Amino acid sequence: MKTSPSRVRVREFQRGLRTDQKKYLDQHREEVLADLFGDTPYELVARKYQVNSKYLEESMALWLDDPGFRYINPLPKPPDIQVGEEYDMSGWVAEYRCSRGSRGWENRKMKYLGTIKSRAPGNVIYMFRSRGGYTESFTIFQLRESFKGGTHGKSH
């Protein structure tokens, strides 16, 4: 007896998988490729992106079979940042960290602390400290998204 596609989607949703896996993987193709080419097992990458591991393997095979596909290192270059300098960053801020008293998008100045070895794409995460004293880490993709530039000299 065959299972209907809607029942398969319900089962995947119940296991914590995304409902539109193909669309999500296509939108995050560079990050997924960075993880897979970084020797991270399919199962871990699938769990990270909340997709079925078999579907991830099939998507990867399709991407590699595409005649227009050329492997280009999908990791973007980090911005030119110096340890101890303060930079403008933006992003979603939790309620307890937000100056407006509610969650939302906020621009803030953060001091760059350096990098730490990690299993994130590029094998490092970038550490920043806000003027409020909390520390925040960024993968290379999050950093490129949040970084707004500008240096404000060494912060104390």
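Residues numbered from 1 in each chain as written. Predicted model: local features only at pLDDT ≥ 70, side-chain atom pairs only at ≥ 80, totals over all residues. Heavy atoms only, no water.

Participant: I'd like a description of the pattern of salt bridges, backed by residues and values.
Facilitator: Applying the stated criterion across every chain yields a total of four salt bridges. Note that Arg 131 is salt-bridged to Glu 86, the shortest N-O span being 2.7 Å. Remark: Glu 86 occurs in strand β1 (residues 85-93) and Arg 131 occurs in the loop between β3 (124-130) and β4 (135-138); sequence separation between them is 45 residues. Relative accessible area serves as the criterion here: at 5%, Glu 86 is assigned to the buried category. Close ionic contact of Glu 136 with Arg 108 constitutes a salt bridge, the shortest N to O distance being 2.8 Å. On the criterion of sequence distance, the pair formed by Glu 136 in strand β4 and Arg 108 in strand β2 (residues 104-117) is long-range, its members being 28 residues apart. (Salt bridge = Lys/Arg side-chain N within 4 Å of Asp/Glu carboxyl O. Helix = DSSP H or I, 4+ residues; strand = E, 2+ residues; numbered from the N terminus. Buried < 20%, exposed > 50% of the residue type's maximum accessible area, 1.4 Å probe, protein only.)

Participant: Could you give an account of helix α4 (residues 42-49), naming the residues involved and the relevant values?
Facilitator: Every buried residue of α4 is listed here: Val 45, Ala 46 and Tyr 49. Seen from one end, α4 has its buried residues packed into an arc of 100 degrees, which puts them on one side. The inward-facing, buried residues of α4 contact α2 (21-27), α3 (29-37) and α5 (53-65). Directly beyond the C-terminal end of α4, a positive phi value near 60 degrees is found at Gln 50. (Arc of directions from axis to C-beta. Contact = heavy atoms within 4.5 Å.)

Participant: Describe in detail the side chain of Ser 146, supporting the description with residues and values.
Facilitator: Counting through the fold element by element, Ser 146 comes out in helix α6 (residues 140-146). Under the relative-accessibility criterion, Ser 146 is labelled buried at 10%. Sequence-distant contacts of Ser 146, defined by excluding residues within four places in its chain, comprise Asp 88, Met 89, Ser 90 and Phe 138.

Participant: Can you tell me about the packing of α3 against α5, naming the residues and giving the values?
Facilitator: In the contact formed by α3 and α5, the axes pass within 12 Å of each other and the chain directions differ by 100 degrees. Here α3 is positioned roughly perpendicular relative to α5, judged by the angle of their axes. Mapping the contact onto sequence places Arg 29, Val 32, Leu 33, Leu 36 and Phe 37 in α3 and Leu 56, Met 60, Trp 63 and Leu 64 in α5. For the contact of α3 with α5, a count of residues per class yields eight nonpolar, no polar and one charged. (Axes fitted to C-alpha atoms, helices over the stretch in contact; angles between N-to-C directions. Parallel < 35°, antiparallel > 145°, perpendicular 65-115°, else oblique. Nonpolar A, V, L, I, M, F, W, Y, C, P; charged D, E, K, R; others polar.)

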